[in-house]
Amino acid sequence: MSRPRSHAEYLARLVPPSVAGLHRRSLLAGAAGAGALLGTGLLAGCGGSDSGGSGGKTVTLGSNQSDPKPKDVIAKVMDGFQTSSGLQVSINTVDHNTFQENINNYLQGKPDDVFTWFAGYRMRFFAARGLAGDLSDVWGKLSGYSDAFKKASTGDDGKQYFVPASYYPWAMFYRKSVWQQHGYQVPRTLDDLTNLAGQMKKDGLIPIAFADKDGWPAMGTFDILNLRINGYQFHVDLMAGKEAWTSDRVKKVFDTWAGLLPLHQPDSLGRTWQEAAQSLQQKKSGMYLLGLFVGQQFNNDEQDDLDFFTFPEIDPAIGAKALDAPIDGYMMARRPKAEENAKKLLEYLGSKAAADITVKNDPSTLVANGQADTGGYTALQKKAAELVGSATEIAQFLDRDTRPDFASTVIIPAFQQFIKDPKDISGLLTSIENQKKSIFTD
């Protein structure tokens, strides 16, 4: 998704502070849904004969939402649609990683009528290959979205292929009570951060919770370091295959990361993000770089104790205003079994009514529709919305800002190898660059 600079500039300039998004890893726990996986591990579409044509009563939804809280929220949203439309939604839920790793096969096979996905390059990648349905007419019926969200939903051909539901910032999260107990202060520079982490070690805490069993969380660490060290434009150009991974600029990112690794929770390759978040929730870790969805692992009475700060400045000339703030939402299959029903569902998913249901039921969600009633936002949600609104540049997250095959087959194993053994950075980057060349010239 060679995302143009203007895309991020639109998001930074036009998205109002009162609007924001949902958990990128809203791994929504499988709702009822027809068989999630085939024996081969590929996604199984549910658009069977009962979907019918425009006269049927069922629309199928392929969902990557598999964690308990988001699962419950999406079920409530679908209930709202079924009540208002008289149609039925059959949900095929698959865990996030399996869904993402097999999305290409899924879309080329028999996908569901509607499926959860991401804005930006990831959306445009499949739209350009004819694997997604045109939603321009649905957008003609939507209201409450800024130009930024429309642009983020638009393919290379100028048509819309995506309906945004939510987005969320990545930041360094911590428990206020722990920091107050020890007198910790928010770090403004990388030196401040390392000094703080050293003090946390002395105080018996794991400085930075960390997990990468599923492959994607470490991408957030790379993203923020690259944004802070090399700036936004270099970052998106690197993701688009226009810059070399063997450059001194990328090597500096990995050298910096290697210096920070001892401050991170050990044995991260055997830990899920939920388990790392639980170490923060249990006051065993001092801070955690993750998306707003980290709040899913906190009890309702602990939400007010959760706070965050944006990752500190590394280079004063670049500053600390750029961040990852991915947009989650929905797309339609290129040839849905029930196109009319699918578009009715997508129109509802982009409505104020759907956004209001989400706001009422998930404190870790910032909805994309600007007409939603956000009066019930928690202090954390309001702060997250303000952070996104004040950002100068916004990235969509590594595995959404580059080719899907490059992210899954090259970046995940390379980053995990680095975490295991951060000594041979030059050899690792040479390997990434060689594989990148063959993928991006495909």
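The structure reproduced in this document is the subject of the present report.

Criteria and thresholds
- Residues numbered from 1 in each chain as written.
- Predicted model: local features only at pLDDT ≥ 70, side-chain atom pairs only at ≥ 80, totals over all residues.
- Heavy atoms only, no water.
- Salt bridge = Lys/Arg side-chain N within 4 Å of Asp/Glu carboxyl O.
- Helix = DSSP H or I, 4+ residues; strand = E, 2+ residues; numbered from the N terminus.
- Buried < 20%, exposed > 50% of the residue type's maximum accessible area, 1.4 Å probe, protein only.
- Expected span 1.5 Å × (residues − 1).
- Arc of directions from axis to C-beta.
- Contact = heavy atoms within 4.5 Å.
- Phe/Tyr/Trp six-rings, centres within 6.5 Å; stacked < 30°, edge-to-face > 60°.
- Lys NZ or Arg CZ within 6 Å of the ring centre and 35° of its normal.
- Axes fitted to C-alpha atoms, helices over the stretch in contact; angles between N-to-C directions.
- Left-handed = near helix turned anticlockwise from the far one by under 90°.
- Nonpolar A, V, L, I, M, F, W, Y, C, P; charged D, E, K, R; others polar.
- Pairing = 2+ DSSP bridges.

### Description of the pattern of salt bridges
(1) Moving on: Under the criterion given, the structure shown has 13 salt bridges.
(2) Moving on: With a closest N to O distance of 3.3 Å, Arg124 and Asp156 form a salt bridge. Highlighted residues: Arg124 in helix α5 (residues 121–128) and Asp156 in the loop between α7 (147–152) and β4 (163–167), separated in sequence by 32 residues.
(3) Moving on: Take Arg124: its relative accessible area is 7%, and that puts it in the buried class.
(4) Moving on: Judged by its relative accessible area of 63%, Asp156 falls in the exposed class.

### Thoughts on helix α12 (residues 248–260)
(1) Moving on: In a regular helix each residue adds 1.5 Å, so 13 residues correspond to 18 Å; α12 covers 18 Å between its end C-alpha atoms and thus fits that length.
(2) Moving on: Listed as buried for α12 are Val250, Val253, Phe254, Thr256, Trp257 and Leu260. Buried residues in α12, looked at end-on, bunch into an arc of 160°, giving them a common side.
(3) Moving on: Close packing links the buried residues of α12 with α9 (190–202), α10 (217–230), α11 (232–239), α18 (404–420) and α19 (425–440).

### Section: the packing of aromatic side chains
(1) Moving on: Throughout the structure, instances matching the rule amount to 32 aromatic pairs.
(2) Moving on: An angle of 90° between the planes, with centres 5.8 Å apart, marks the rings of Trp179 and Tyr184 as edge-to-face. The same class applies to Trp179 as to Tyr184, namely buried.
(3) Moving on: Aromatic rings pair up to connect Phe99, Tyr106, Phe115, Trp117, Phe118, Tyr121, Phe125 and Phe126 into one cluster.
(4) Moving on: The ring of Phe308 is capped by Lys383, whose NZ or CZ atom sits 4.8 Å from the centre of that ring.
(5) Moving on: Lying across the ring of Phe440, Arg403 places its NZ or CZ 6.0 Å from the centre.

### A short note on the packing of helix α2 (residues 68–85) against helix α15 (residues 352–361)
The axes of two packed helices give the description: the angle between them and the distance between them.
(1) Moving on: Taken N-terminus to C-terminus, the directions of α2 and α15 make an angle of 145°; their axes are 9 Å apart at the nearest point. Relative to α15, α2 is oriented so that their crossing is right-handed. Seen from α2, the contacting residues are Lys69, Val73, Lys76, Val77 and Gly80; seen from α15, they are Ala354, Ile357, Thr358 and Asn361.
(2) Moving on: Residue classes in the contact of α2 with α15 are distributed as 4 nonpolar, 3 polar and 2 charged.

### A closer look at the sheet that holds strand β8 (residues 306–309)
(1) Moving on: On the basis of which strands lie adjacent, the open sheet formed by 4 strands has the order β6-β7-β5-β8 and mixed pairing. Two strands bound the open sheet, and with one partner strand each, they are β6 (206–209) and β8. Averaged over all adjacent pairs, the angle separating strand axes in this sheet is 30°, with direction ignored.
(2) Moving on: The strands touched by helix α13 (residues 273–281) within the sheet are β5 (170–175), β6, β7 (285–291) and β8, with β7 carrying the most contacts at an inclination of about 140°.

### A short note on unusual backbone geometry
(1) Moving on: At Lys283, a residue that is not glycine, the phi angle is positive and equals roughly 65°.
(2) Moving on: Examined against the element boundaries, Lys283 turns out to sit in the loop between α13 and β7.
(3) Moving on: For Phe397, which is not glycine, the phi dihedral falls at a positive 100°.
(4) Moving on: As for its position among the elements, Phe397 is in the loop between β11 (393–395) and α17 (398–401).

### Topic: the sheet that holds strand β3 (residues 114–118)
(1) Moving on: The mixed open sheet is built from 5 strands, whose spatial order is β2-β1-β3-β10-β4. Because the sheet does not close on itself, it has two edges, and the strands there are β2 (88–93) and β4. Adjacent strand axes in the sheet meet at a mean angle of 25° when their direction is disregarded.
(2) Moving on: Its contacts with the sheet place α5 against β3 and β10 (327–332), and it is angled at close to 130° to β3.
(3) Moving on: Docked against the sheet, helix α14 (residues 339–349) engages β1 (58–63), β2, β3, β4 and β10, running at close to 160° with respect to β10.

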